[in-house]
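# Descriptive analysis of the structure
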Amino acid sequence: DIADANAAVLRMALQAPAKFRNSMKKESTYSLIWDSGASISISFNKSDFVGTMESVGVGTKLKGIAKGLSIQGKGHVLWSALDERGMLRHLKLPAFYVPSARVRLMSTTSAMQAYPEEKIELTAMQARLSGKSNDPTKGAVVALASPSNNSPTCLA
């Protein structure tokens, strides 16, 4: 029965998140770079977006480090990462759809605007979104400094 199979998968995910994550296909997880210099998040993957995507106009391009990349739309991404308790934390953030981007960037500025009751603590080794202690759906998320890009990066 499909309902029983889905329930078993959910139980495994909740009871042993590391084993569940390791059992997933490589394509099911991805790196999410936390970028304090970005004013809005970006993703190259249309399936990251939820709800409607609005047009940004023909020829609209990114500025800054990713200068010149074409923006194909604006909407909200829904990214999920494990929090410090091993539970999935969902982050819904405004973002640009940029098919030619090579990475997913989470703007820490827009994260703070979307979750104003939280804070981001930054050290030399990590960034930590504080979460809300009285809300089990908003656990703290940690992004460790990645050796490949020297930026806080978490698995989503």
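Above this text sits the structure in question.
Attention here is on the structure that accompanies the text. (Residues numbered from 1 in each chain as written. Predicted model: local features only at pLDDT ≥ 70, side-chain atom pairs only at ≥ 80, totals over all residues. Heavy atoms only, no water.)

## What about the packing of aromatic side chains?
The tally for this structure, following the rule as stated, stands at one aromatic pair. With a centroid separation of 5.8 Å and 75 degrees between ring planes, the pair formed by F49 and Y97 is classed as edge-to-face. Remark: Y97 occurs in strand β5 (residues 88-97) and F49 occurs in strand β3 (residues 49-54); sequence separation between them is 48 residues. Summarising the burial analysis for this pair, F49 and Y97 share the class buried. Above the plane of the ring of Y115 lies R89, whose end atom (NZ or CZ) is 5.1 Å from the centre. Residue placement shows R104 over the ring face of Y30; its charged tip is 3.6 Å from the ring centre. (Phe/Tyr/Trp six-rings, centres within 6.5 Å; stacked < 30°, edge-to-face > 60°. Helix = DSSP H or I, 4+ residues; strand = E, 2+ residues; numbered from the N terminus. Buried < 20%, exposed > 50% of the residue type's maximum accessible area, 1.4 Å probe, protein only. Lys NZ or Arg CZ within 6 Å of the ring centre and 35° of its normal.)

## Details of the pattern of salt bridges
Two side chains of opposite charge can pair, provided their charged atoms sit close to one another. One pass over the full model with this rule turns up eight salt bridges. As a salt-bridge pair, R89 and E118 come within 2.6 Å of each other at their nearest N and O atoms. Of this pair, R89 sits in strand β5 while E118 sits in the loop between α3 (108-114) and β7 (120-122), and the two are 29 residues apart along the sequence. As far as burial versus exposure is concerned, R89 and E118 are alike and both buried. Its salt-bridge partner being K138, residue D135 comes within 3.9 Å of it at the nearest N-O pair. Taking relative accessible area as the criterion, D135 reaches 18% and is therefore assigned buried. Connected through salt bridges with shared partners, the residues E84, K119, E121 and R128 form a single ionic network. (Salt bridge = Lys/Arg side-chain N within 4 Å of Asp/Glu carboxyl O.)

## Quick word on the nonpolar core
Looking at soluble globular proteins, one finds that nonpolar side chains tend to be buried together. Within the largest apolar cluster, 20 residues are counted, with the highest numbers of intra-cluster contacts made by L32, W34, W79, L93 and M106. Counting residues per element, the ones that place at least two in this core are β1 (31-35), β4 (73-82), β5, β8 (126-129) and β9 (141-145). Looking at this core element by element, the count peaks at four residues for β5. The residues touching L32, leaving out its near neighbours within four places in the chain, are W79, R104, L105, M106, P152, T153, C154 and A156. In terms of nonpolar packing, the next biggest core, distinct from the first, is built from eight residues, I40, F96, V98 and L105 among them. (Core = buried A, V, L, I, M, F, W, Y, C linked by side-chain atoms within 4.5 Å. Contact = heavy atoms within 4.5 Å.)

## Observations concerning the environment of T123
Relative to the helices and strands, T123 resides in the loop between β7 and β8. When the C-alpha atoms of T123 and P152 are compared, they prove to be 9.7 Å apart, with 29 residues separating the residues in sequence.

## A short note on the pairing of β5
Inspection of the sheet shows strand β2 (residues 41-43) paired to β5 by three bridges, in the parallel sense. In the strand pairing of β5, S41 is matched with A95. As paired strands, β4 and β5 are joined by 10 bridges and run antiparallel to one another. Note that in β5 the partner of V77 across the bridge is L93. Two successive antiparallel strands, β4 and β5, enclose a turn made up of five residues, where G86 displays a positive phi of approximately 85 degrees. (Pairing = 2+ DSSP bridges.)

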